[in-house]
Amino acid sequence: MCIRDRYQRRVHGNPKTPKPQNPYCVSAILAHFMLIIIFIMETGKDTSAGSLIIAPEYSKEEYEIFALPEAKLTELLNTPQSFIKDSSFANGGESRSATLSTSASTFDLVKLDSSNLLLLVKKSNEEYLIHKQDRYVIEMEQSQPSKSQVWQLMKLNAVYYDSLSEIAGLQPKSDQGLKFEYILEKCQVSEKELVNILKELNAFEINNKFFIFHPMDCIDRGKSLLLELHKAKPTWNAIEDEMLRPLVSNLPEGAAKALLNSILDFDGQKWALSGVKAKALCATLLFNEKHSYILKEFALAFDKIAHTLLPSELVKVPDEDWRGKNLFPGYGEVDLRFLNGVAVIAFDNKVPVIEHIDRLNLSGNSKKRFVQLGSVKKEWTKQELQYWLSECLPPSQSIDNFLAKNARAQNIPHPFVSKSKIQTYAPK
């Protein structure tokens, strides 16, 4: 039996079954975490003729056998440098198995046992040189990048500091700020994914180094900015640069833009107050006082602070039907959609309670995160879980597939709609 048949029997079962198009068996030389791809066998190539001999360069330690479909192989070959990153690279971040990062994607590396002996060979004249023999093959599963690793690294080494930060009680650190290349090296993310994560974290660049605001610092600055805007009473959906510039003149350009981005949206010409961002800031001010509120208590406290900081048109109840997308689907007394992904409605002896969850301190692993969420409340609706789990599910896995494998489903009486039931999920 040729090596190709062994490969297909291991991965795809009986060789008489229909074969996939263009399977490859490739090898990787691991040296300083850099991946070098060597073509060993292509579809249709006959390796049955010729003798097999041990290569002078034979090494069980320096080579690993990768089983890759053509699409993943093409992505690797189109990346000048693909890095295998051990979890030890995540300085202060969550422990994770080794990953491989291309310029655009991150893959978990899974080592699978084979019932057959696999030979890694390369043709030389009429001989086939064996570079490695093993009973294991490594497969790649596309995964979500580790946002938590980037956040932990930035929090430890890249918090922006100035005189206002000192007033807020923050202490300066030397050598603050991180270069993009350094973050990319230390975290299990690809270049493209890191760009997106830095945007999500509202990071900003000063002198070729990236910074973030300390969460408390950003909240204080955002509150001050909202108060100034509330006094000025601008046209909230078309705020000119000329009005905003004096309010952030004490900050470098990158930091000023990041602060504005924390509560405003920019369309390329003008700024507009973001209802979701501004309301989330008001809620965060409340959660800084305590992490849990009785639902009615939170609604009253939020209404008070919102009328102080926000224009009335943002505070009033919207006209569209929002109840189905509310923080708990079907709850219709207060529009709490801005809390999706920030807090949840739990129940303490059937009394509805708003519980704040620090998203950036949750695990990046979907199963571990689900268990963490289960400690906040036992039963979750599918809609709630989508806000909390979607960012850490592999691209190939849907929320329905994840819940089918990892959750117990049951129908319970709807807590807000009489004579109605709702399906909920709990970790197995």
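Check the entry above for the structure.
Residues numbered from 1 in each chain as written. Predicted model: local features only at pLDDT ≥ 70, side-chain atom pairs only at ≥ 80, totals over all residues. Heavy atoms only, no water.

1. Structural notes on the packing of helix α14 (residues 382-389) against helix α15 (residues 399-406)
In step 1: Following both chains from N to C, one finds α14 and α15 inclined at 105°, their axes separated by 11 Å at the closest point. By the angle class used here, α14 and α15 are roughly perpendicular. Taken together, the residues of α15 that come into contact with α14 (itself represented by K382, L385, Q386 and L389) are I399, D400, F402 and L403.
In step 2: In terms of residue class, the contact of α14 with α15 is made up of five nonpolar, one polar and two charged. (Axes fitted to C-alpha atoms, helices over the stretch in contact; angles between N-to-C directions. Helix = DSSP H or I, 4+ residues; strand = E, 2+ residues; numbered from the N terminus. Parallel < 35°, antiparallel > 145°, perpendicular 65-115°, else oblique. Contact = heavy atoms within 4.5 Å. Nonpolar A, V, L, I, M, F, W, Y, C, P; charged D, E, K, R; others polar.)

2. Points about the sheet that holds strand β14 (residues 343-348)
In step 1: Strand order in the open sheet formed by three strands is β13-β15-β14, and the pairing between neighbours is antiparallel. Among the strands making up the open sheet, the edge pair consists of β13 (292-294) and β14. Taken pair by pair, the neighbouring strands of this sheet meet at an average axis angle of 30°, ignoring direction.
In step 2: Contacts from helix α11 (residues 295-309) reach β13, β14 and β15 (351-356) within the one sheet, and its direction differs from that of β13 by about 100°. (Pairing = 2+ DSSP bridges.)

3. A few points about helix α3 (residues 147-157)
In step 1: Counting buried positions along α3 yields eight of 11 residues, so the element is predominantly enclosed.
In step 2: Within the span of α3, buried status applies to K147, S148, Q149, V150, W151, Q152, L153 and M154.
In step 3: Where α3 is buried, its residues touch α5 (180-186), α6 (191-200), β10 (209-211) and α7 (215-232). (Buried < 20%, exposed > 50% of the residue type's maximum accessible area, 1.4 Å probe, protein only.)

4. Here's the deal with unusual backbone geometry
In step 1: In this structure, N349 takes a positive phi of about 55° despite not being glycine.
In step 2: Note on placement: N349 falls in the loop between β14 and β15.
In step 3: Classification of N349 by relative accessible area gives exposed; the value is 72%.
In step 4: Here the phi dihedral of K350 falls at roughly 70°; this positive angle occurs in a residue that is not glycine.
In step 5: With respect to the helices and strands, K350 occurs in the loop between β14 and β15.
In step 6: On the basis of relative accessibility, which here comes to 79%, the residue K350 falls in the exposed class.

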